[in-house]
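Residues per chain, in single letters:
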Amino acid sequence: EDKVVQSPLSLVVHEGDTVTLNCSYEVTNFRSLLWYKQEKKAPTFLFMLTSSGIEKKSGRLSSILDKKELFSILNITATQTGDSAVYLCAVGSGNTGKLIFGQGTTLQVKP
Amino acid sequence: KAGVTQTPRYLIKTRGQQVTLSCSPISGHRSVSWYQQTPGQGLQFLFEYFSETQRNKGNFPGRFSGRQFSNSRSEMNVSTLELGDSALYLCASSPSGGQKTYEQYFGPGTRLTVT
């Protein structure tokens, strides 16, 4: 059965810290891996990583995909209280738009 | 571009009733996917539509159905509601073609409460 596992499930840090969120997967017909941020509303798209794009960076956020070891990490540097959210990892499977989501990592950034 | 819109935003229904939720994708997006989000199960894939055809369906009972119209707008229907159907129902749209199919943008969701 396809599965996506995120760790840790929750994390508390202070402003300015750097955090690393992990996502491992066992999915047949892997096509892409995505990261979303969810703050009490709909998930907001952050990155999509594929075989042709295994590293992405946007401001203080960056992500890499290791297709050999079947995992991805999301790094957030110089965290701010506005980074507090649930971060979701999802894997695109097959030839249709099916995303398989992990449980999410709840990040709390304290002032 | 306007984002994905969903209506209604909140619904309260009674067990045994049926409900229809609506989703309008981002202009130009032809793929629409539906997900159910609950505290216990997280985000689970319901189904995906492209050009009015259901291309994939998740592991949900037949009470959950959907359709897509020629303008890419989509509806999902849940019949004979059960208490366990209480959840946030999210619609996502994506550009068509190749990897872009997975770059999904979510609407605000419909919060369904079944009493």
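Look up: the structure comes first, before these words.
Treat the numbers as computed from the prediction; the structure is a model and nothing was measured.

Draft legend 1. Structural detail: the interface of chain B and chain A. Listed by partner, the interface residues are 18 residues for chain B and 20 residues for chain A. When the area that chain B buries against chain A is broken down by residue, the three leading residues are Leu43, Gln99 and Tyr102 of chain B, summing to 39%. The interface formed by chain B and chain A includes 0 salt bridges. There are 7 residue pairs in polar contact (both at pLDDT 80 or more) connecting chain B and chain A.

Draft legend 2. Broad picture of the packing of aromatic side chains. Taken as a whole and judged by the stated rule, the model has 11 aromatic pairs over all chains. Pairing Phe101 of chain A with Tyr35 of chain B gives two aromatic rings, centres 5.6 Å apart and planes at 85°, and the pair type is edge-to-face. Placement of Phe101 of chain A in strand 10 (residues 98-101) and of Tyr35 of chain B in strand 4 (residues 31-38) is noted, with the two residues assigned to different chains. For the residue pair Phe101 of chain A and Tyr35 of chain B, the accessibility class agrees, reading buried in each case. On the numbers, 5.7 Å between centres and 65° between planes, the contact of Tyr35 of chain B with Phe45 of chain B is edge-to-face. One end of the pair, Tyr35 of chain B, is in strand 4; the other, Phe45 of chain B, is in strand 5 (residues 42-50), and 10 residues separate them in sequence. With respect to burial, Tyr35 of chain B and Phe45 of chain B carry one shared label: buried. One aromatic cluster is present, built from ring pairs that chain together Tyr36, Phe45 and Phe101 of chain A together with Tyr35, Phe45, Tyr105 and Phe106 of chain B.

Conventions adopted
- Throughout, residues of each chain are indexed from 1 in the direction in which the sequence is written.
- Each chain takes a letter, starting from A, and each ligand takes a number, starting from 1, following the order in which they are written.
- Thresholds applied to this predicted model are a pLDDT of at least 70 for local features of residues and 80 or more for the giving and counting of side-chain atom pairs; totals over whole chains, interfaces and linings are not thresholded and use all residues.
- Side-chain numbers come from the whole structure's heavy atoms, not from hydrogens or water.
- The criterion used for residue contact is that any of the two residues' heavy atoms lie within 4.5 Å.
- Summed over both partners, the accessible area lost on bringing two parts together, with a 1.4 Å probe, is the buried area.
- Put simply, a salt bridge is a Lys or Arg side-chain nitrogen that is within 4 Å of an Asp or Glu carboxyl oxygen.
- Each polar contact in these results corresponds to two N or O atoms within 3.5 Å; when the atoms are within protein, one needs to be able to donate a hydrogen and the other to accept it, and residues that are neighboring in sequence are counted only if both atoms are side-chain atoms.
- Note on ring pairs: Phe, Tyr and Trp rings are taken, using the six-membered ring of Trp, and paired if centres are within 6.5 Å. Classes follow the plane angle, with under 30 degrees stacked, over 60 edge-to-face and the rest tilted.
- By the criteria applied, helices consist of DSSP H or I runs no shorter than four residues and strands consist of E runs no shorter than two, each listed in order from the N terminus.
- The buried label goes to any residue with under 20% of its type's maximum accessible area, the exposed label to any with over 50%, and the partly exposed label to all in between, with areas taken from a 1.4 Å probe on protein chains only.

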